[in-house]
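# Remarks on the overall topology
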Amino acid sequence: MRARPTAKPPFQKIPLLLGLACLSLFSCRKEEPEVEAASLTPAQEQAVVQQGTAASQALMKTLGGQLKAALQSGGPENALQVCQSVAQPLTAQTSETQARATVTRTASRYRNPLNQPDATDKKVLAEWEEMLSQGKELPPHRIFPIDEHQALFYKPIPTEAICLKCHGDPATFSPALAAKIKEAYPQDQATGFQEDDLRGVFRVLVNLEPSLPSANN
């Protein structure tokens, strides 16, 4: 798999706000071959979990705060508009605050075509969706080593009740919201979700090589 460049120029229940369901990436990713998993030392695995958790939680906090305010001040229509304008910049900015991690998000049923999953993403999403269909609880994360220098960290994003305001049954949407979604995301696939569905995942590329300069320097 061709890893994302590290240079910067975007189930366990997690408290999520509406905007975390509005998945947008900082840059478009082409279809890529699945990562062939290597092995990590215990210390490397711990580093991946720490960096991946920190990056995903930071993005959840920053984007969630913006969208909570938008939802409270103007309802789902306003939150959708804010999500469209700030999700990508905030994703990029969040990565820039992380010493050795680049965080993005992806989903099987994505709203923005920039958010299409690659082969490894699809593998994780399919496995977790199958687990949920069998009534199983999702793990807190999953790790895919790339090589001795990099690894991928995935964390599930469950569908909360608040997410359904923009990602639930379209029949429940106001005409204004339905029109805004169609205008902003004409290829939208991200409706029809129910609470506790897998809305998507955080995807964090972690730099494991201490001798290499930080991806954000």
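Above this text is the structure in question.
## Quick look at the overall build of the chain
Within the chain one finds 4 helices and 4 strands. Along the chain, from the amino end to the carboxyl end, the secondary structure elements read α-β-α-β-β-α-α-β. The 217 residues of the chain split such that 47% are buried. Carbon and sulfur atoms provide 52% of the accessible area of the chain, an area that totals close to 10000 Å².

## Things to note about the pattern of salt bridges
What the rule picks out here adds up to 5 salt bridges. Of the charged contacts in the structure, one is a salt bridge between Arg-111 and Asp-188, with a shortest N-O distance of 2.9 Å. Note that Arg-111 is positioned in the loop between strand E1 (101-106) and helix H2 (119-133) and Asp-188 in the loop between helix H4 (175-184) and strand E4 (198-207), a separation of 77 residues in sequence. Between Glu-127 and Arg-142 there is a salt bridge, with its nearest N and O atoms 2.0 Å apart.

## Quick word on the nonpolar core
The biggest cluster of nonpolar side chains holds 25 residues, and the ones touching the most others in it are Val-48, Leu-63 and Val-204. The set of elements that each furnish at least two residues to this core consists of helix H1 (42-96), E1, strand E3 (150-158) and E4. When residues of this core are assigned to their parent elements, the largest contribution, 14 residues, is made by H1. Formed by 11 residues, the second largest nonpolar core is a distinct cluster that contains Phe-144, Tyr-154, Leu-198 and Val-201.

The rules behind these values
Residues numbered from 1 in each chain as written. Predicted model: local features only at pLDDT ≥ 70, side-chain atom pairs only at ≥ 80, totals over all residues. Heavy atoms only, no water. Helix = DSSP H or I, 4+ residues; strand = E, 2+ residues; numbered from the N terminus. Buried < 20%, exposed > 50% of the residue type's maximum accessible area, 1.4 Å probe, protein only. Areas by Shrake-Rupley, 256 points an atom, 1.4 Å probe, with all protein chains shown as cover. Salt bridge = Lys/Arg side-chain N within 4 Å of Asp/Glu carboxyl O. Core = buried A, V, L, I, M, F, W, Y, C linked by side-chain atoms within 4.5 Å.

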